[in-house]
Amino acid sequence: RLEKRRTLPIHALCVSAATPVFMVLPHLRPGAYHILYITEESSLKIIGELSEDTLLSALLDHSHLTLREIASHNI
């Protein structure tokens, strides 16, 4: 799709680090590229970022893990 259109909209989400990866799935938008900003629960400080390819891999292989675990292990 990117080769054909040359651009894609970006859908950025700010998500608590304690959130299991599978809970992000309902918030994804078809046709958009997704970036997740992972935040501390108490301060909303951004502690990590996940690109769409890392997010999709995590959804397929480690959906039970939290975003904190995914980001800290670079899964």
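Residues numbered from 1 in each chain as written. Predicted model: local features only at pLDDT ≥ 70, side-chain atom pairs only at ≥ 80, totals over all residues. Heavy atoms only, no water.

Caption draft 1: Here's a closer look at helix α2 (residues 52–61). For α2, the full list of buried residues reads E52, L55, A58 and L59. Mapping the buried residues of α2 onto a view down its axis gives an arc of 125°, with all of them on the same face. Facing away from the buried side of α2, by more than 90 degrees, are the exposed residues D53, L60 and D61. Elements that come into contact with the buried residues of α2 comprise β2 (33–39), β3 (46–51) and α3 (67–73). (Buried < 20%, exposed > 50% of the residue type's maximum accessible area, 1.4 Å probe, protein only. Helix = DSSP H or I, 4+ residues; strand = E, 2+ residues; numbered from the N terminus. Arc of directions from axis to C-beta. Contact = heavy atoms within 4.5 Å.)

Caption draft 2: Molecular detail of the pairing of β2. Summarising burial for β2: five of the seven residues are buried, a large majority. In this sheet, β2 lies alongside strand β1 (residues 10–16) in parallel orientation, the contact comprising seven bridges. Paired with I10 across the bridge in β2 is Y33. As defined by bridge partners, β2 adjoins β3 across five bridges and the pair is classed as antiparallel. Each bridged residue has a counterpart across the sheet, and for Y37 the counterpart in β3 is E49. The antiparallel pairing of β2 with β3 creates a hairpin that spans six residues between the two strands, and L44 there sits at a positive phi of about 60°. (Pairing = 2+ DSSP bridges.)

Caption draft 3: The arrangement of the nonpolar core in detail. Of all hydrophobic cores here, the largest spans 15 residues; its most connected members are V21, V24, L36, L55 and L67. At the level of secondary structure, the elements contributing two or more residues to this core comprise β1, β2, α2 and α3. Per-element tally for this core: the top contributor is α2, with three residues. (Core = buried A, V, L, I, M, F, W, Y, C linked by side-chain atoms within 4.5 Å.)

Caption draft 4: Quick peek at the side chain of T39. Residue position: T39 is located in strand β2. Residues within four places of T39 in sequence aside, it is in contact with C14, V15, S16, A17, L44, K45, I46 and I47.

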